[in-house]
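Inside the fold
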Amino acid sequence: MITEQIVAKLNKNHMTIAVAESCTGGMIASSLVDVPGVSECFEEGYVTYSNDAKEKNLGVSHETLIRFGAVSHETAEEMSTGVRARAKATFGLATTGIAGPDGGTADKPVGLVYISCAGPQRVCTEEHIFSGDRTSVRRQATEAAFRLLLRCM
């Protein structure tokens, strides 16, 4: 299981993680805490659904949210770097997107998700468009976030 690989690698290398979730709504944190031994590497997690929460808890700039929106490459990146800094973790992992069934536009359709991983060397941010119902989009985003984290590690 991918979460077991992540926890084992983090623990083996004495690294830590913190997560900031919007569209995944805690699914990443929940999946991680299902793994025994995660307490050695999991620092904290935030579910920041509102823009105010993203600003207050993660340090996402108001200007970024106004200019690019909550669902954007820029916001995802600020979420991952913000949670990493606040938790003093080795890695910060963040998701922001539109899980549906409502909320999509022509420019930002339902299923659009940005995932960002901030680490000691770099920040990697990806754009995805997932299909399916709300739960399916959230699950796919969670899996993609774990794959991105493994690549960043």
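Residues numbered from 1 in each chain as written. Predicted model: local features only at pLDDT ≥ 70, side-chain atom pairs only at ≥ 80, totals over all residues. Heavy atoms only, no water.

Digging into the side chain of threonine 75
Among the secondary structure elements, threonine 75 is positioned in helix α5 (residues 73-87). In this structure threonine 75 comes out as buried when scored by relative accessible area, which is 0%. A polar contact is formed between the side chain of threonine 75 and the side chain of serine 72, at a distance of 3.0 Å. In this structure threonine 75 touches Lys54, Val60, Thr64, Leu65, Gly69 and Ala70, once residues within four positions along its chain are discounted. (Helix = DSSP H or I, 4+ residues; strand = E, 2+ residues; numbered from the N terminus. Buried < 20%, exposed > 50% of the residue type's maximum accessible area, 1.4 Å probe, protein only. Polar contact = N/O pair within 3.5 Å; in protein donor to acceptor, adjacent residues only side chain to side chain. Contact = heavy atoms within 4.5 Å.)

Notes on the pattern of salt bridges
Tallied over the entire structure, the rule returns one salt bridge. In this structure, glutamate 126 and arginine 151 form a salt bridge, with 2.1 Å as the shortest nitrogen-oxygen distance. Of this pair, glutamate 126 sits in strand β5 (residues 123-129) while arginine 151 is found in helix α6 (residues 134-152), placing the two residues 25 residues apart along the sequence. (Salt bridge = Lys/Arg side-chain N within 4 Å of Asp/Glu carboxyl O.)

Focus: the sheet that holds strand β4 (residues 112-118)
Pairing is mixed across the open sheet formed by five strands, whose spatial order is β2-β1-β3-β4-β5. Looking along the sheet, the strands with just one partner apiece sit at the ends: β2 (42-47) and β5. Ignoring which end each strand starts from, the neighbouring axes of this sheet average 10° apart. Bridge analysis of strand β1 (residues 17-21) against strand β3 (residues 91-97) gives five bridges, and the strand direction is parallel. (Pairing = 2+ DSSP bridges. Axes fitted to C-alpha atoms, helices over the stretch in contact; angles between N-to-C directions.)

Digging into the nonpolar core
Formed by 31 residues in total, the largest nonpolar core has its most connected members in Ile17, Val19, Leu32, Phe91 and Leu93. In contact with isoleucine 17, not counting residues within four places along its chain, are Leu10, Leu32, Cys41, Phe42, Glu43, Glu44, Ala89, Phe91, Leu93 and Leu149. Counting 10 residues, the second-largest nonpolar core is a separate cluster that includes Leu58, Val60, Ala89 and Ala94. (Core = buried A, V, L, I, M, F, W, Y, C linked by side-chain atoms within 4.5 Å.)

Here we look at the layout of surface pockets
Of the voids in this model, the largest pocket is the one considered here, and its volume is about 160 Å³. In this structure, the largest pocket is lined by 14 residues; those nearest its centre are Tyr49, Val71, Gly97, Ile98 and Ala99. When its residues are assigned to classes, the lining of the largest pocket shows six nonpolar, five polar and three charged. (1 Å grid on protein atoms, 1.4 Å probe; cavity = no way out; pocket = protein on both sides within 12 Å on 5 of 7 lines; lining within 4 Å. Points joined across faces, edges and corners; volume = space filled by probe spheres on them. Nonpolar A, V, L, I, M, F, W, Y, C, P; charged D, E, K, R; others polar.)

Some details on α6
Because the α-helix completes a turn every 3.6 residues, residues three or four places apart line up on one side. For α6, which comprises 19 residues, the first-to-last C-alpha distance of 27 Å matches the rise-based estimate of 27 Å (1.5 Å per residue) to within 8%. Among the residues of α6, those classed as buried are Val137, Ala141, Thr142, Ala144, Ala145, Phe146, Leu148, Leu149 and Cys152. Where α6 is buried, its residues meet α1 (2-12), β1, α2 (27-33), β3, β4 and β5. (Expected span 1.5 Å × (residues − 1).)

Notes on the packing of α1 against α6
In the contact formed by α1 and α6, the axes pass within 10 Å of each other and the chain directions differ by 35°. Remark: the crossing between α1 and α6 carries left-handed chirality. Judged by residue contacts, Ile2, Thr3, Gln5, Ile6 and Lys9 of α1 engage Glu143, Phe146, Arg147, Leu149 and Leu150 from α6. A class-by-class count of the residues in the contact of α1 with α6 yields five nonpolar, two polar and three charged. (Left-handed = near helix turned anticlockwise from the far one by under 90°.)

Everything listed here is a matter of coordinates, which is why it stays silent on function.
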